[in-house]
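Notes for the structure review
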Amino acid sequence: MWSVSRSMLGITLFALSLANTLLGERAQAQNEPPSADGSQTATEPLLKHRVSVRRDDLAGINRMVVTSDNAFLYAAPWRGDSIVAFKLGRSGTPDHVQSYSNPLLRGVIKLSLSPDEERLAGICLRSNTILLFRRDVRNGKLTPDGFSRSNLTWPVSVTFSPDGTHLYVADAGRSGASDEAPSAIVAYRVSEGGGLEEIDRVVHDDLQGTRDVLFDRQGRICYACCSNAGCVLVFERDGDSGKLKHLQTIRDDASDATLLDGVHSGVLGPDGSRIYFVAGRFRGQSGVSVFNRNQDGTLAFSHQLVLNPDQFSGGNHLAVTPDEAHVFVSGTTGDSLAVIRQDISTASAKVLSYIPNQVDIVLDGPSGLTFDAEYKYLYVAAEDGSSLTMFDIVR
């Protein structure tokens, strides 16, 4: 049981009334629970809303990438036909510098920076195209460098290999009696001149509805999130050829992992020893699953957390703090952001708060999440609000 004095309660209410954009006020008691407005305790990171940037060309904004020098942010709005570039000042506030439009960019939904950050790749689900751009590191602007449309059906994710020699596309495929196309992972070799050569097409029974592909730091192991099949697949990658070899399939309900039906995306933990998955965007129960990585890259279940369906739905993406003590999760259909506290030593997690969509804090259809390179800010893509919403992380 916890208690606060009448004077402390008055101070807290006064502060909240003056600053309704502040999502966390420092609690005065260590055991004080999160408040209804999304604030956390004094030992937790506080999300303080900075700005929500709304633009017509951000309709359907999904995934974003930030350069390692914190200079630029690029956004993929799938309802349009452009990649939107922002310059980030010292304070991290996004300032628009370019909206690069092209008919082939119809439905651009995810982006990937090459390891040297001289190139940016975009995958477009409406034009069934993968595009490659050269990036001016001084002003952040993009110029076309290459593209491919080789037998893609419903491409939804693109990822550079950590060595920058290959690109991997998650193609969700298509179901239907007359025009069925299998889900696949399609690999391309990237040439110096911007050419894209398809070198591998992985088709597997458990790849149904593949939504995301990611790699370990060395580029030796590939992980695929397969929403319709309700599983995660693990592959070994040949660094020379770029080809993938199946190592492991983890199915929903096959072990202690019961939140893989509808698994939508994954992120590697900061030190690479764990991997996080979120489910619920298009099917399944919204929740987070955490796995430990074995030496050979295969996965062993650690723990999971179900998110409250009354306050959160449509689990889409995650962002994990460097110490892995906190996880932020976007709920697209529920218009909210979940703030989770995690204890790696005890393999446990709990929700601190759910931050809802508000008039001045746009979380209307939140999808992609990304930090700046120094983990001072959290950027949230609001699909249905055509907005890029920025939070300061205050400790």
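The preceding data block contains the structure.
Residues numbered from 1 in each chain as written. Predicted model: local features only at pLDDT ≥ 70, side-chain atom pairs only at ≥ 80, totals over all residues. Heavy atoms only, no water.

Section: the overall build of the chain
Across its full length, the chain holds 1 helix and 28 strands. Looking at the chain residue by residue over its 395 residues, the buried ones come to 56%. Sequence separation of 24 or more characterises 50% of the internal contacts of the chain that already satisfy a separation of 6 or more. When the accessible surface of the chain is summed, it comes to about 16100 Å², and 47% of that surface belongs to carbon and sulfur atoms. (Helix = DSSP H or I, 4+ residues; strand = E, 2+ residues; numbered from the N terminus. Buried < 20%, exposed > 50% of the residue type's maximum accessible area, 1.4 Å probe, protein only. Contact = heavy atoms within 4.5 Å. Areas by Shrake-Rupley, 256 points an atom, 1.4 Å probe, with all protein chains shown as cover.)

Let's talk about a negative patch on the surface
On the surface, E236, D238, D240 and D296 cluster together to form a negatively charged patch. Tracing the sequence through the fold places E236 in strand β16 (residues 231-237). (Patch = residues over 30% accessible without salt bridge, like charges linked within 9 Å, V, L, I, M, F, W, Y side chains within 5 Å. Salt bridge = Lys/Arg side-chain N within 4 Å of Asp/Glu carboxyl O. Lys, Arg positive; Asp, Glu negative; His and termini not counted. Charge placed at Lys NZ, Arg CZ, Asp CG, Glu CD.)

So, the pattern of salt bridges
Pairing between side chains of opposite charge can happen when their charged atoms approach one another. Per the counting criterion, the structure on display carries 18 salt bridges. Measuring nitrogen to oxygen at the nearest pair gives 2.9 Å for the salt bridge that ties D57 to R55. Here R134 and E118 are joined by a salt bridge, their closest N and O atoms 3.9 Å apart. Residue R134 is located in strand β8 (residues 129-135), and its partner E118 is located in the loop between β6 (108-113) and β7 (119-124); the two are separated by 16 residues in the primary sequence. Classification of R134 by relative accessible area gives partly exposed; the value is 28%. Overall, E118 belongs to the partly exposed group, its relative accessible area being 38%. Taken together, the shared-partner salt bridges in this structure form one network comprising E118, R119, R134 and D145.

Let's talk about empty space enclosed by the protein
Across all of its chains, the model carries 2 cavities of 30 Å³ or more by this definition. In this structure, the largest cavity spans a volume of roughly 50 Å³. When residues of the lining of the largest cavity are traced back to their parent elements, those giving at least two are β20 (287-293), β21 (299-306) and β24 (336-343). The residue makeup of the lining of the largest cavity, split by class, is 7 nonpolar, 2 polar and no charged. Computed from the structure, the second largest cavity encloses a volume of approximately 30 Å³. Residue lining of the second largest cavity: N62, R63, I109, K110, V156, R211 and H264, and that is the complete set. For the lining of the second largest cavity, the elements supplying multiple residues, two or more each, are β2 (61-66) and β6. Across the lining of the second largest cavity, the residue classes tally to 2 nonpolar, 2 polar and 3 charged. (1 Å grid on protein atoms, 1.4 Å probe; cavity = no way out; pocket = protein on both sides within 12 Å on 5 of 7 lines; lining within 4 Å. Points joined across faces, edges and corners; volume = space filled by probe spheres on them. Nonpolar A, V, L, I, M, F, W, Y, C, P; charged D, E, K, R; others polar.)

With respect to the nonpolar core
Burial of nonpolar side chains together is a common tendency in soluble globular proteins. In this structure, I185 and F235 are the most contacted members of the largest nonpolar core, which totals 18 residues. Among the elements of the structure, β11 (166-171), β12 (184-190), β13 (196-202), β14 (210-215), β15 (221-226) and β16 are those that each provide at least two residues to this core. When residues no more than four places from it in sequence are discounted, the contact partners of F235 are I185, V202, R220, I221, C222, A224, L244, K245, H246 and L247. (Core = buried A, V, L, I, M, F, W, Y, C linked by side-chain atoms within 4.5 Å.)

Describing the pairing of β11
Counting buried positions along β11 gives 6 out of 6 residues, so the element sits mostly inside the fold. By the alternation rule, side chains of β11 split into H166, Y168 and A170 and L167, V169 and D171, which are all buried. Looking at chain direction, β11 and β12 are connected through 6 bridges and run antiparallel. Directly across from L167, in β12, lies its bridge partner Y188. (Pairing = 2+ DSSP bridges.)

A closer look at the environment of V137
Along the chain, V137 turns up in the loop between β8 and β9 (142-148). Ignoring anything within four residues of it in the chain, the contact list for V137 reads F72 and E117.

Quick notes on the pairing of strand β23 (residues 326-331)
Of all 6 residues in β23, 6 are buried; the element is thus mostly enclosed. Covered by surrounding structure in β23 are H326, F328 and S330 together with V327, V329 and G331, the residues of both alternating faces. Where strand β22 (residues 315-320) and β23 come together, 5 bridges link them in antiparallel fashion. Following the sheet pairing, L318 is matched in β23 by V329. Linking two consecutive strands that pair antiparallel, namely β22 and β23, is a turn of 5 residues; a positive phi of about 60° is found at E324 within it. Examined bridge by bridge, β23 and β24 share 6 bridges and lie antiparallel to one another. What sits directly across from V327, in β24, is I340. Taking the residues that link successive antiparallel strands as the turn, the β23-β24 hairpin has 4 residues, and the phi of D335 there is positive, at about 55°.

In short, shape yes, function no, at least from these values alone.
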